[in-house]
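Listed here are the chains, written in short residue letters.
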Number of protein chains: 2
Amino acid sequence: MRDKQYLMIPGPTPVPAKVMEGIMAPPIGHRTPEFGQIIKEVTENIKEIYQTKNDLFILTSSGTGAMEAAVANFVNSGEKAIIMDNGNFGERWVKICDRYGVDAEVISGPWGEQADPKALANRLNQDKNGEIKAVFVTHNETSTGVLNDVKALREAMGDHPALFIVDSVSGMAAAPLKVDEWKLDVVVSGSQKAYMIPPGLAFVSVSDKAWSASDKVKNPRFYFDLRAAKKSYDEKYNTPYTPATNLVLGLQCSLKMMKEEGLENIYKRHNYFKNIVRTAVRALGLELLATDKAASASVTAIKKPENIDVKDITKIMRTKHNIVMAGGQGKLKNDIFRIGHLGYVHVNDIIVTIACLEMTLKELGMNVELGQGVRAMQEFILKGDK
Amino acid sequence: MRDKQYLMIPGPTPVPAKVMEGIMAPPIGHRTPEFGQIIKEVTENIKEIYQTKNDLFILTSSGTGAMEAAVANFVNSGEKAIIMDNGNFGERWVKICDRYGVDAEVISGPWGEQADPKALANRLNQDKNGEIKAVFVTHNETSTGVLNDVKALREAMGDHPALFIVDSVSGMAAAPLKVDEWKLDVVVSGSQKAYMIPPGLAFVSVSDKAWSASDKVKNPRFYFDLRAAKKSYDEKYNTPYTPATNLVLGLQCSLKMMKEEGLENIYKRHNYFKNIVRTAVRALGLELLATDKAASASVTAIKKPENIDVKDITKIMRTKHNIVMAGGQGKLKNDIFRIGHLGYVHVNDIIVTIACLEMTLKELGMNVELGQGVRAMQEFILKGDK
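Note that the structure is predicted; figures quoted are calculated from it, not measured. (Residues numbered from 1 in each chain as written. Chains lettered and ligands numbered in written order. Predicted model: local features only at pLDDT ≥ 70, side-chain atom pairs only at ≥ 80, totals over all residues. Heavy atoms only, no water.)

Caption draft 1: How the structure looks around the pattern of salt bridges. Taken as a whole and judged by the stated rule, the model has 36 salt bridges over all chains. A salt bridge links Lys151 of chain A to Glu155 of chain A; the nearest nitrogen and oxygen atoms lie 3.4 Å apart. A residue pair is termed a helical-turn pair when its members lie 3 or 4 positions apart in one helix, as Lys151 of chain A and Glu155 of chain A do in helix α6 (residues 150-157) at four residues. Residue class for Lys151 of chain A comes out partly exposed when judged on its relative accessible area of 34%. Here the salt bridges share partners, and the residues they tie into one network are Glu369 and Arg375 of chain A together with Glu369 and Arg375 of chain B. (Salt bridge = Lys/Arg side-chain N within 4 Å of Asp/Glu carboxyl O. Helix = DSSP H or I, 4+ residues; strand = E, 2+ residues; numbered from the N terminus. Buried < 20%, exposed > 50% of the residue type's maximum accessible area, 1.4 Å probe, protein only.)

Caption draft 2: Quick peek at the packing of aromatic side chains. Taken as a whole and assessed by the stated rule, the structure comprises 20 aromatic pairs over all chains. Their ring planes at 85° and their centres at 5.1 Å tell us that Phe57 of chain A and Tyr233 of chain A sit as a pair that is edge-to-face. Highlighted residues: Phe57 of chain A in strand β2 (residues 55-59) and Tyr233 of chain A in helix α8 (residues 226-236), separated in sequence by 176 residues. Tyr233 of chain A matches Phe57 of chain A in its accessibility class, with the two residues each being buried. Consider the rings of Tyr233 of chain B and Tyr237 of chain B, whose centres lie 5.5 Å apart with planes at 55°: the pair is tilted. (Phe/Tyr/Trp six-rings, centres within 6.5 Å; stacked < 30°, edge-to-face > 60°.)

Caption draft 3: The arrangement of the pairing of strand β9 (residues 186-190) of chain B in detail. Residue and element names in this part refer to chain B. Burial analysis of β9 places five of its five residues in the buried class, which makes it a mostly covered element. The alternating pattern of β9 places Val186, Val188 and Gly190 on one face and Val187 and Ser189 on the opposite face, and all of these are buried. In this sheet, β9 lies alongside strand β8 (residues 163-167) in parallel orientation, the contact comprising three bridges. The partner of Ile165 across the bridge, within β9, is Val186. Judged from the five bridges that link them, β9 and strand β10 (residues 202-206) form a sheet pairing that is antiparallel. Pairing of Val187 across the sheet is with Ser205, part of β10. (Pairing = 2+ DSSP bridges.)

Caption draft 4: Examining the relation of the copies chain B and chain A more closely. Laying chain B over chain A is done by rotating through 179° and shifting 0.0 Å along the axis; what remains is an RMSD of 0.1 Å. Accordingly, the operation relating the two chain copies is best matched by a two-fold axis. It is Gly371 of chain B whose C-alpha, among those of chain B, lies nearest the rotation axis, at 2.4 Å. An overlap of 100% is found between the interface residues of chain B and their copies at the interface of chain A, pointing to a shared contact surface. (Least-squares fit on C-alpha atoms with pLDDT ≥ 70 in both. Contact = heavy atoms within 4.5 Å.)

The structure is reproduced here in C-alpha cells:
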C-alpha cells in the first residue's frame, strides 16, 4: 500500500490530489506565451510568500542547485565569507564555498542549538576593512530540527556591507521569513517542502545589492548563471533553459491553495504540528534535541532511547507500519530520529505516527506505556491549543 | 483536505492509486476486440473470486440494479418466494419482489442476529408441492454488521427445487462465499466494496438451474435482461449496452492487485480488521451490536452511548476529524453507528478512526479514557493475533 504510506520526513512532502491533477496535465510548450503567463503568475505568488519585491527565479534543480547559484553568482573565488554552521545544511554551505574557492570562515555552533547572533556580530566588528563579502546562514536546519533566528542574525550584521545569504529550503512558508523587511539579499527555497509539490524546482530571490556584487563575480557558471535567468524573465517571463513544465503546473495549483489558506494560517498550522509532536514525544518520556525556543516548525528531532538503534526505529516504522521517518544526519546520524511535519500534513498523520512509534519502541524493548503519547496529543487537541 | 479524508464506511471503499491510474486512462472504444479481451479477463478474474464456473456478467449499475436483475429474470410475478430478512438489505429484497408482484413470504429475524437456517428448513419442509420458486438471502447485512451463514442457509434448503439467490454486495471477497461448492444459483456483488473501485459496476452469476427457470419468466425487463447479457458475452465477450469503460479499466487493475494478494489473504485481512475494531470498541466500554460469531468482516455496528446522538458522533468525526463513518439504517438509524473496514483499508486507518472517535465521544460528554481504545489495538497488533 505504497499510496497509503505516511511521508513524515522533512520533505519531500505529501502532495495534494489537486496538485497532482496539475502535474498530470498534458505537456505545455515551454516557449509559448501561455506558459510565460504561468511563470509570471507563479513567480508573483512566490514573491508574496517571500514577502519581497526583489527579483525571484524558478530553477529546475533541487535546493542544493539554488544554493550553488547563491555562491557561484555572488562571491568570487578567493573572497572572504562567513558561514554560520550548526548542522548538516550549514555544512553544505561550507562544502559549496570550498568547491568555489571562497575563503570561508566557519562559525560553528552546537548541533541542536540556534546559531549565535553575538558570535556573528563580534566577528564582523573586527572586519574594519569590509573584507568579508557574504554571510551564509540556514533558516531551518533540517538536520537538527532547529529554526535559526534569521532576523537576529541579520540585525547582528548591522551596517556591514556583506551580502546576507539564506538557505530557507525547508523553512520558507513553514516559519516566517520577511525578505525585504529583514534585508535578506539572496534567499533560496525548494519545491518539495512547504510548497507541497514534488522535488525538482528551487527558487532564489536576488536583491539589488546582490546584483551589484554579482557584476564583479568571475566564477564560471552556466546553468545556474542568474544573469541568464534575469534576461529571460525580463524579455518574456521565461526560463533560459527548459524548465520542468509539469512541476510548474503543479506549483501553480499549490500556490493557489496556499493563497486560499493564507500565509499566517500556514505558519500557524506548522507551529501547531510542532507543538503537538513535542507534547506527544514528552509524554512518551523521550528527549527532544532542541529547546522550545529553538524548535523548528517543519521537523522535530528526538534523541534516541538508550540501547535502541535509530536504524531499527525507522526500519520498523517503514516496513511494519508504512510510515517513513528520518534518522539523523551527519554527526548525529545515529543519535536522533526525526519526524517531519512539513507541507501537506494533517493532524491525523501525526496521530498515526505517534501510535505506531509507541508500538515500535515497545517492540524494541523500551518501557513505553502504549497510548500515552496519543492520549497527550488528544488532550492537547481537545483543549484547542494552537 | 478532502483527499486526506478517511472513508470508514461499508463502501464506497478507498481506491488505490494504481486503480485510479486505470480509470484515468484515455477512453477506449467499447466495441473493439481490445475491450472485449479486457471484459473477458475481468470476468474470468471475478469468477475466481466467486469460485464459480457459472456465467457471470458485468452490469453498469449499483448493486441494487443487479439485485433487481436477480428478481426480474428468475421469479415470475405471482410466484412464491421466501426472503430471509434480518436487516435493511433483506428489506431491499422485499421491496424489489413486491414491485415485481412476487408472492414473497418474509422470514424476519432480529436485526443484529444471523438469519436462522432452521426457520428456513421448517418452512420449506411444509412446501411439499414445490410452490416456492426462490429463496433470497443476504450474505453480509451491511446495515447491522452481521454476516449471515450462507452455507448453513443453503444446506437448510436440502433438495428443495427453489433457486437460492444471494446478495453478496458488501460480502464478496471480504468473507468466504463458494458459489459452486455451496450451490448458489444467483449471486450479486458490487464494485465499490471489496473490489476497491468506485461505484458504478455490479456483477451477477447465474447457474444452469437459474437459466432454466429464467426461460419461463415473463416479467418485463430490458436493461437488466440477463439473456441479452449472455448473448453479447457469448458472441464477442461484450455487454449489450455501453458499459462504464473506465471503471472496467480500473477493475482490471484492482483484480490484478487482488490476485497478487490472494483471496485467502484478503479474507484474513478483513477478518483482522474486524477483530481489531471489536477489540478497540470493547476497550472503550461501548457495546457491539453483533456477537463475535455473527460479526461482519466488512463493517462493525456499535450501539450508541446513552445520551449521545448518533448524528453528533458522525458529524464531529467528519467535520472536525476528516473521518467519514456511517450511522444506522432503517429502524436502527438512531441506535447504532458503523465503522466500515472494507476494501482498500490499512490498519493505520483504523488507528486514526479509534483515536478520533475517543476525542469525539469525550467532546460529547462520554466518560471515556483517551487513548484506551488505541492502546487495546496496539496490544492486539503487537501480539500478532489475526
